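The residues making up each chain are set out below.
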Number of protein chains: 2
Amino acid sequence: MTLKLEPGAKLVVATHNPGKAREIAAILDNRFELVTAGDLGLSEPDETESTFAGNAMLKARAAAQASGLIALADDSGLSVAALDGAPGIYSARWGGPEKDFVGAMTKVEQRLEEVGAEDFSAWFTCALAVAWPNGPAVVVEGRVDGTLVFPGRGDRGHGYDPIFQALGEEISFGEMDPARKDEISHRARAFAKLKAALL
Amino acid sequence: MTLKLEPGAKLVVATHNPGKAREIAAILDNRFELVTAGDLGLSEPDETESTFAGNAMLKARAAAQASGLIALADDSGLSVAALDGAPGIYSARWGGPEKDFVGAMTKVEQRLEEVGAEDFSAWFTCALAVAWPNGPAVVVEGRVDGTLVFPGRGDRGHGYDPIFQALGEEISFGEMDPARKDEISHRARAFAKLKAALL
């Protein structure tokens with residue numbers, strides 16, 4: 001076996017979100033035939049690891065094992081220096097079942113006040129894992145560093161984007177043109193590393 | 001970058017045990033220049049993940065990051081079906097700081113009695129991870145299935161070897177000739193997968 005993804009290969013994306021799978025297909029230049037874990041009726045494993053890379057690998061390995069296909073999974077989130085890396089791997093969970101990220105961003109701001117933070121450094125991480133059924137897994141991580149801004153600005157992007165301003169930028173991810181964000185984001189960097197490693 | 005290990009490459013093995021590094025050098029046909037994390041004065045990260053693969057990756061990534069070298073790490077243990085996979089990633093810790101595996105094997109036997117187990121199925125897992133500094137990580141896993149035998153037999157091998165008899169074998173790992181064990185063990189299978197993927 002070689003750790004290469006051949007064009008036309010069938011991959012299962014470990015998500016139940018068809019939109020996410022379409023987006024990933026585009027990032028991968030539609031080189032692959034993608035199905036989702038949802039399409040195949042696979043259940044989502046508990047994300048029990050303590051790192052983005054660990055959780056991405058756990059999800060990819062579970063999907064590969066259950067489907068017999070090469071599987072791709074991601075895990076990403078926001079880490080705040082003054083909060084010892086929180087919300088980190090719990091970024092999505094801070095939004096709750098309602099995906100209330102206005103609430104989650106308020107929680108970040110409140111925590112920063114509680115600790116009297118003067119340092120507003122933060123970074124987004126995206127881990128991507130590709131797993132072969134009963135075979136190896138390859139994991140990469142992309143990161144973008146920045147500063148938190150309050151109040152949040154802009155209604156583009158998702159999650160914590162309105163309160164995150166990347167280093168060297170003058171607008172938040174919530175205000176940024178998606179094409180520009182796709183050049184500098186943690187996700188873009190992770191996919192660039194994945195392509196360099198596997199294509 | 002390509003996910004290949006070139007002959008002569010310098011690798012750091014994420015261990016403080018020089019014997020283990022020598023053993024790994026031999027398994028890898030002395031193709032690489034190996035140093036240990038101990039040689040470099042690197043500290044060992046906490047093994048916070050919930051899986052063998054996750055912990056191997058965590059250790060390899062930490063060693064690669066701290067050293068700037070390609071890093072190799074392993075994580076392995078015994079899983080008992082009737083104990084829901086315990087001791088699993090805690091296999092070494094069940095031996096305690098004194099590495100008392102006689103005590104750990106007794107604990108396995110007591111737990112099996114407590115749950116009234118009739119199924120003595122168990123398996124050894126070995127996860128291996130190779131991480132490039134600031135780059136990808138590759139993780140493989142090898143597994144050998146077997147049955148627990150009490151009382152333990154033989155004084156070869158280490159850890160839980162005396163109470164483990166691989167499927168198709170008539171003696172325990174503790175009684176087995178090391179050369180034979182090196183043909184069928186979880187570790188041998190993991191290294192075979194790693195070599196197939198990266199050499």
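Rules and cut-offs
- Residues numbered from 1 in each chain as written.
- Chains lettered and ligands numbered in written order.
- Predicted model: local features only at pLDDT ≥ 70, side-chain atom pairs only at ≥ 80, totals over all residues.
- Heavy atoms only, no water.
- pLDDT = per-residue confidence, 0-100.
- Buried < 20%, exposed > 50% of the residue type's maximum accessible area, 1.4 Å probe, protein only.
- Helix = DSSP H or I, 4+ residues; strand = E, 2+ residues; numbered from the N terminus.
- Pairing = 2+ DSSP bridges.
- UniProt positions renumbered as here; feature names shortened; annotations may be inferred.
- Polar contact = N/O pair within 3.5 Å; in protein donor to acceptor, adjacent residues only side chain to side chain.
- Least-squares fit on C-alpha atoms with pLDDT ≥ 70 in both.
- Contact = heavy atoms within 4.5 Å.
- Axes fitted to C-alpha atoms, helices over the stretch in contact; angles between N-to-C directions.
- Parallel < 35°, antiparallel > 145°, perpendicular 65-115°, else oblique.
- Left-handed = near helix turned anticlockwise from the far one by under 90°.
- Nonpolar A, V, L, I, M, F, W, Y, C, P; charged D, E, K, R; others polar.

(A) Here's a closer look at the confidence of the model for chain A. Predicted confidence across chain A gives a mean pLDDT of 95, with 99% of residues reaching 70 or more. Here the predicted complex scores 0.93 on pTM and 0.90 on ipTM.

(B) Local environment of the pairing of strand 4 (residues 121–131) of chain A. All names here are of chain A. Counting buried positions along strand 4 gives 10 out of 11 residues, so the element sits mostly inside the fold. Relative to strand 4, strand 3 (residues 70–80) runs antiparallel, the two being bridged by 10 bridges. Residue pairing across strands places Val80 opposite Ala122, the latter belonging to strand 4. In the sheet, strand 4 pairs with strand 5 (residues 137–148) via 11 bridges, with the strands oriented antiparallel. Of the residues in strand 5, the one forming a bridge with Ala131 is Ala137. Linkage of strand 4 to strand 5, two consecutive antiparallel strands, is achieved through a turn of 5 residues, within which Asn134 is found at a positive phi near 55°.

(C) Structural view of the UniProt feature "binding site: Mg(2+)" (unreviewed entry) in chain A. All names here are of chain A. The UniProt entry lists Asp46 and Asp75 under the feature "binding site: Mg(2+)" (unreviewed entry), expressed in the numbering used here. In three dimensions, the annotated residues from a span of 30 residues occupy one location, with a maximal C-alpha spread of 12.5 Å. Structurally, Asp46 is set in the loop between strand 2 (33–36) and helix 2 (52–67). Among the residues examined, Asp46 registers a relative accessible area of 62% and is labelled exposed. Counting through the fold element by element, Asp75 comes out in strand 3. Looking at Asp75, the relative accessible area reads 7%, which means it is buried. Within polar-contact distance, the side chain of Asp75 engages the side chain of Lys59 at 3.2 Å.

(D) Layout of the relation of the copies chain B and chain A. In screw terms, the move from chain B to chain A is a rotation of 180° and a rise of 0.0 Å along the axis, fitting with an RMSD of 0.0 Å. A rotation of that kind, with that shift, is consistent with a two-fold axis. The residues that chain B uses at the interface reappear at the interface of chain A in 100% of cases, marking a shared surface.

(E) Focus on the environment of Gly95 of chain A. Structurally, the position occupied by Gly95 of chain A is in the loop between helix 3 (91–94) and helix 4 (101–114). Apart from residues lying up to four places away in sequence, Gly95 of chain A is in contact with Asp100, Phe101 and Ala104 of chain A.

(F) Just the packing of helix 1 (residues 18–27) of chain B against helix 6 (residues 186–198) of chain B, in detail. Residues and elements named next belong to chain B. The interhelical angle for the contact between helix 1 and helix 6, taken along N-to-C directions, is 55°, at an axis separation of 11 Å. On the basis of their axis angle, the class for helix 1 and helix 6 is oblique. In this structure, helix 1 meets helix 6 at a crossing whose hand is right-handed. Seen from helix 1, the contacting residues are Lys20, Glu23, Ile24 and Ile27; seen from helix 6, they are Arg187, Phe191 and Lys195. By residue class, the composition of the contact of helix 1 with helix 6 is 3 nonpolar, no polar and 4 charged.

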